[in-house]
Structure formats: structure tokens, C-alpha cells
Amino acid sequence: MRLAPTGKNLRFYQRRFRQARMVARAIQSKHHPVLAHIIPMRRCNLSCSYCNEYDKVSEPVATGEMLRRIELLARLGTQIITISGGEPLLHPELDEIIRGIRAQGAIATIITNGYLLTPERIARLNRAGLEQLQISIDNVNPDEVSKKSLKVLDKKLEWLKEYADFDVNINSVVGGGITHPEDALTITRRAVELGFETTVGVIHDHGGQLDPLKAAERSVYDQILAERKPGLFAFAYDNLFHRNLIQGLPNEWQCGAGSRYLYICEDGLVHYCSQQRGYPAIPLEQYTREDIDREYSTKKECAPFCTVSCVHRVAMIDMIRNQPRESLFRLFPPEQPGGPPSLPPSVRLATSIFLPENGREASGARRLVRRAAMRVLGLRRGDGGTQR
Ligand code: SF4
Ligand code: SF4
């Protein structure tokens, strides 16, 4: 049970409030990016065999340039900025970059292989204002495919549990030639034991695409879903995207890359995502609201078998935004055929406040609650309408 909101707990509630505001703003308007990945460092200290996102030679991007890019992203209205790589902890002034993100009002998160974490480094990340850290762990023991291994990283996880003021997510993976698929279950169990959030991803090929899972991988995947306690969106995500992908079936969805999601490479160019670099490859300073609006509905041929989960998650917000009731049925299927969607309490509350009731005008009391909620969340309009 969570204690009274003091110290660490207060920061926990502040993060939840900022996340709720992010979702509310993303639902209110489609004209800004929800999430951007930025790359301050292409170099990595590891060499995972499936990875096409690192090199062994590049220098860190100058901190002043990173702060300029963060300001440009903030001007476009970007709500979450995730520092990725390569290995971002290799950047000598990472803390300044995190501070820069917070100073612009965006949510600051990082994806790291965790190798360089120490108690002192975690304390610095706390002080800089980091809000979430994700480590993807591929196996229990290092092998020729990956050295992102539980055996190597377990002490780092214990330090994170003890010292981190930010949310920690441990991502395990299935597919992609990982030698021991059952390792993903061991990793998930350890993460749950330490009290971290968990996700499970499917490893894509160099084009961001996926082969169907083999029987042993599928069995591990099902067991992970049965044992873990997923967050709200992880649960919905599994219902929607993974269910098809693990069977090798396509997903029907609108990829918002280049619009609701931006990938800013080390050269400061905007790309669709890490797997589709080269499109549209426009310098960030020249990227405009017109580009964002165009890419919102640009059809991407790679979408049906895409495994880039962060772009899927952003798309889920737009599904709710564009077709609220249909999407809630897809994301939270009814327990009984013909029944209502099985909404978690927080989603039920949010929908009762913000969504119209079968096209009918909301009652006076509900309008008052909606206006108050929008004011608390800092939304611009006082009438509860969306900026279409
Ligand atoms: S640690 Fe991450 S960036 Fe580095 S090689 Fe492995 S997957 Fe790629
Ligand atoms: S569908 Fe979108 S996120 Fe997925 S690989 Fe293609 S451009 Fe990237």
C-alpha cells in the first residue's frame, strides 16, 4: 500500500498527475507530438547482434545542441522526451540534457542498457529530475546475441530499487533468435519481485518487422502475461497489438510516426522511427505543424507487421481520441460476449467525465465536473471540447 504523499511518495503522485495531463492533452488536440526520442550518443558500450542503432566510434552530440533540439521539440508541443541511443549514459553531460527537458515542461525518460548505473549515478539522475528509466534485459546469462543479462545487471536493479526516485520499467524480450526464451519469464519474475513495472517486447528484424513466435517462445509469452501485473496501457497494448503479432498476423492501425511520434537522430533530423530512418529526414528546425498534420494520416507500408511498441502506444491514445467507444471495446474487451468493456476504475472515471454519452449532451453536473477536471489538468478550453 502507498503511504501518505511525502518525499518519494509525493514525487510518485506528481509523476502520475503529469502523465494524466499528458494523456488529456493528447486527447484534446492532435496537432502536437506526444513522444519524441532524441539521440545524444550513437556510440554504445555493448554490441547486441540484432541491433542496428549503435556504432563504436561516434562522439557525443554537444550539450548546447541537444538543449536547442529540446527547445525546438517543446515549441512543437512535445509532451514526453525520451533519451535513447546508442547508450545515453555514455554522454558526459546527460544530467544537463535531462534538466533541459524538465525546464521545457516535458516528461523526461531514458532507455539504457544499465551497465553504467551506480548508486552515485542514480542519485545524479534523481537530482536532474528523471521521471522514468527503462532497461531492456534480453537473457539471464550473457551470450553471443546479447550481454544485456540479468546476471550482470541484477546488482544494478537492486541499486535502482534502493535509490531511484523515478519509475523503473524492465522490458524482457521474446523472439529474434534469443537462445533461451524461458529467460524472459525469469527476468519478469525478478522485476516483479523488486516492485518494478514490466513490459514484454518482441524483437524485430532490421526493418522493424517480426516473424511469428515459435511454440516455445509463445508459451513463455503466455506465462509472462499470466504472472505479471501490467500497467493500464500494457494490458490494453497486449490485447490490441501483441495478440496479432505473436501469431504473425497483421495489425490494422494508423502509424503516427512523424506526427505524434518523432525520432530525432544524432544529426538533428526528424525520422519516422529508429527502423525507418531516412523518412522524412527533415532538419528539426524546419519541422512544422504542417509536417505534423501531414504525417498524422500518411499511410506507412510497414505498419501491419510493425513491432515498434512506443509508436503503438501513442497510437492507442489517438484511437481513443478518434473513436472513443469502439476503441475502448478493442482495448478492454468485455468479459462476456455482448457485455460492456471491462474498464479499469481509472479509465471508467475518465470516460464518464470526458466522453459524451451516446451522442447526448452531458448533464449540467457532469459539465461542471468536466470543466473542473480540465482546469486541474491545465487544458486550454473550459468547455470540455477537443481541438480537432
Ligand atoms: S545495448 Fe542497446 S543500443 Fe547498445 S547494442 Fe544493445 S540494443 Fe543496441
Ligand atoms: S509502422 Fe511506423 S513505427 Fe512502425 S516501422 Fe513503420 S514507420 Fe516505424
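Look above for the structure.
Student: Which residues make up the site of ligand 1, and what values do they have?
Tutor: Around ligand 1 lies a shell formed by Cys44, Leu46, Ser47, Cys48, Cys51, Glu53, Tyr54, Gly85, Gly86, Glu87, Asn113 and Lys148. Its residues assigned to classes, the shell around ligand 1 comprises five nonpolar, four polar and three charged.

Student: Tell me about the nonpolar core, and name the residues and values.
Tutor: Of all hydrophobic cores here, the largest spans 80 residues; its most connected members are Ile81, Val174, Ala184, Tyr261, Ile264, Val311 and Val314. Considering every element that reaches this core, the biggest residue donor is helix α10 (residues 309–322), with six residues. Dropping the residues within four chain positions of it, valine 174 is found in contact with Pro181, Ala184, Val200, Val202, Leu213, Glu217, Val220 and Tyr221.

Student: Just give me the short version of the sheet that holds strand β1 (residues 35–38), but keep the residues and values in it.
Tutor: Taking strand neighbours across the sheet as the criterion, the nine strands line up as β6-β5-β4-β3-β2-β1-β7-β8-β9 in an open arrangement whose pairing is mixed. The sheet terminates laterally at β6 (197–202) and β9 (280–283), the two strands that pair on one side only. If you compare each strand with its neighbour and ignore which way they point, the axes differ by 25° on average. Bridging between β1 and strand β7 (residues 261–264) involves four bridges; their strand directions are parallel. From the neighbouring strand, alanine 36 faces β7, where its bridge partner is leucine 262. Across the sheet, α10 touches β1, β6 and β7, and the angle it forms with β7 is around 150°.

Student: Tell me about the packing of helix α2 (residues 63–75) against helix α3 (residues 94–103), and please be specific about residues and values.
Tutor: Relative orientation of the contacting elements α2 and α3 amounts to 20°, with a least axis distance of 9 Å. Considering their axes alone, α2 and α3 lie roughly parallel with respect to each other. Between α2 and α3 the crossing geometry is right-handed. Along the contact surface, α2 presents Thr63, Met66, Leu67 and Ile70, while α3 presents Glu96, Ile97, Gly100 and Ile101. Considering only residue class, the contact of α2 with α3 consists of five nonpolar, two polar and one charged.

Reading guide: rules and limits
- Residues numbered from 1 in each chain as written.
- Chains lettered and ligands numbered in written order.
- Predicted model: local features only at pLDDT ≥ 70, side-chain atom pairs only at ≥ 80, totals over all residues.
- Near = placed C-beta within 6 Å.
- Nonpolar A, V, L, I, M, F, W, Y, C, P; charged D, E, K, R; others polar.
- Core = buried A, V, L, I, M, F, W, Y, C linked by C-beta atoms within 7 Å.
- Buried ≥ 20, exposed ≤ 12 C-beta atoms within 10 Å, placed from the backbone.
- Helix = DSSP H or I, 4+ residues; strand = E, 2+ residues; numbered from the N terminus.
- Contact = placed C-beta atoms within 7 Å.
- Pairing = 2+ DSSP bridges.
- Axes fitted to C-alpha atoms, helices over the stretch in contact; angles between N-to-C directions.
- Parallel < 35°, antiparallel > 145°, perpendicular 65-115°, else oblique.
- Left-handed = near helix turned anticlockwise from the far one by under 90°.

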